[in-house]
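Remarks on the overall topology
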Amino acid sequence: SLQWPNDKIFVVLDILRYMLLINSAATYISTTDTLAKLVAIRQRTNNLPTPTLVMLYRVIANFAVKPATAAAISASVAEVVEHFFELGAEEKSNSKAMAAVSLSILNLCTLLRLSNSDDERVLLCSLAAQLLDEVSGKLEEQQEAAETLIRSIATAVSRRTALQSSCQPHHV
């Protein structure tokens, strides 16, 4: 199903996004190569329609919600960051795309803070800072992304405490 043409995959991604919120489905998905296929979709083209790209980032955000899929994405953060967040100018100027990207980064930062994985947290913090720099000149239309990126950086640099361990990733 993730081999569909770019112009047809939106619906499949939307269904996958919802399935990631169901424990039994998330457990099954964590045993497949779905995450690798999502990264491959992102790698194979830089001209995904914007709604499909937004949905792809929302799926990645939801990967961080349930424990089974969170473990899968935690094990692959460097690969996901390296290949998934290569944004083009059109994506960076689209407020919905940037909001979805920033939420994905926030969820990954939340997961990694809970696991105390310093190298990946630095990588995500650096990515969030880079994207924040790019949207800072367009705060009126990119306010949601900017605020979420600031929360991502704060989350990435914070240390785990009893209160923070109750923080959970957000689903979309």
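All values reported here derive from a predicted model rather than from experimental measurement.

**Describing the overall build of the chain**
From N to C terminus, the chain includes 10 helices and zero strands. When the helices and strands of the chain are placed in sequence order, the string is α-α-α-α-α-α-α-α-α-α. Looking at the chain as a whole, 48% of its 172 residues qualify as buried. With the model as given, the accessible surface of the chain reaches about 8,400 Å², and the carbon-plus-sulfur share is 55%.

**Some remarks on the nonpolar core**
The tendency in soluble globular proteins is for nonpolar side chains to be buried as a group. Counting 46 residues, the largest nonpolar core has Leu 38, Phe 63, Ile 73, Phe 85, Ile 105, Leu 124 and Leu 131 as the members making the most contacts within it. Elements with a minimum of two residues in this core: α1 (10-19), α3 (34-44), α4 (50-63), α5 (67-74), α6 (77-84), α8 (95-115), α9 (118-135) and α10 (139-157). Residue contributions to this core peak at nine residues, all from α8. Setting aside anything within four residues of it in sequence, one finds Leu 124 in contact with Val 77, Val 81, Ile 105, Leu 108, Cys 109 and Leu 112.

**Thoughts on the confidence of the model for the chain**
Of all residues in the chain, 86% have pLDDT values of 70 or greater, and the mean over the chain is 83. Between residues 162-166, whose pLDDT stays under 50, and residues either more than four places distant or in other chains, the model counts six contacts.

**Some thoughts on the pattern of salt bridges**
According to the stated counting rule, one finds three salt bridges in the structure shown. A salt bridge links Asp 14 to Arg 17; its shortest N-O distance comes to 2.7 Å. A residue pair is termed a helical-turn pair when its members lie 3 or 4 positions apart in one helix, as Asp 14 and Arg 17 do in helix α1 at three residues. With relative accessibility at 9%, the residue Arg 17 sits in the buried group.

**Overview of the environment of Leu 87**
By secondary structure assignment, the location of Leu 87 is in the loop between α6 and α7 (89-93). A relative accessible area of 12% places Leu 87 in the buried class. Leu 87 sits 11 residues away from Met 98 along the chain, and the two C-alpha atoms are 9.4 Å apart. Those residues within four positions of Leu 87 in sequence are excluded, and the remaining contacts are Arg 42, Tyr 57, Lys 92, Met 98, Val 101 and Leu 131.

Rules behind the numbers
- Sequence order sets the numbering: in each chain, residues are counted from 1 along the sequence as written.
- Confidence filtering applies because this is a predicted model: local features only for residues at pLDDT of at least 70, side-chain atom pairs given and counted only at 80 or more, and all residues used for totals across whole chains, interfaces and linings.
- The side-chain numbers reported here are obtained from all heavy atoms of the structure, hydrogens and water having been left aside.
- By definition, any uninterrupted DSSP run of H or I lasting at least four residues is a helix, any uninterrupted run of E lasting at least two residues is a strand, and each is numbered from the N terminus.
- The buried label goes to any residue with under 20% of its type's maximum accessible area, the exposed label to any with over 50%, and the partly exposed label to all in between, with areas taken from a 1.4 Å probe on protein chains only.
- The protein chains shown are the only cover counted for residues, whose accessible areas, like all others here, come from Shrake-Rupley with a 1.4 Å probe.
- Each nonpolar core is a collection of buried residues, namely Ala, Val, Leu, Ile, Met, Phe, Trp, Tyr and Cys, held together in the definition by side-chain atoms within 4.5 Å.
- The contact definition used throughout considers only heavy atoms, calling two residues in contact when any of these lie within 4.5 Å.
- Every residue gets a pLDDT, meaning the predictor's confidence in that residue, from 0 to 100.
- Definition used for salt bridges: Asp or Glu carboxyl oxygen within 4 Å of a side-chain nitrogen of Lys or Arg.

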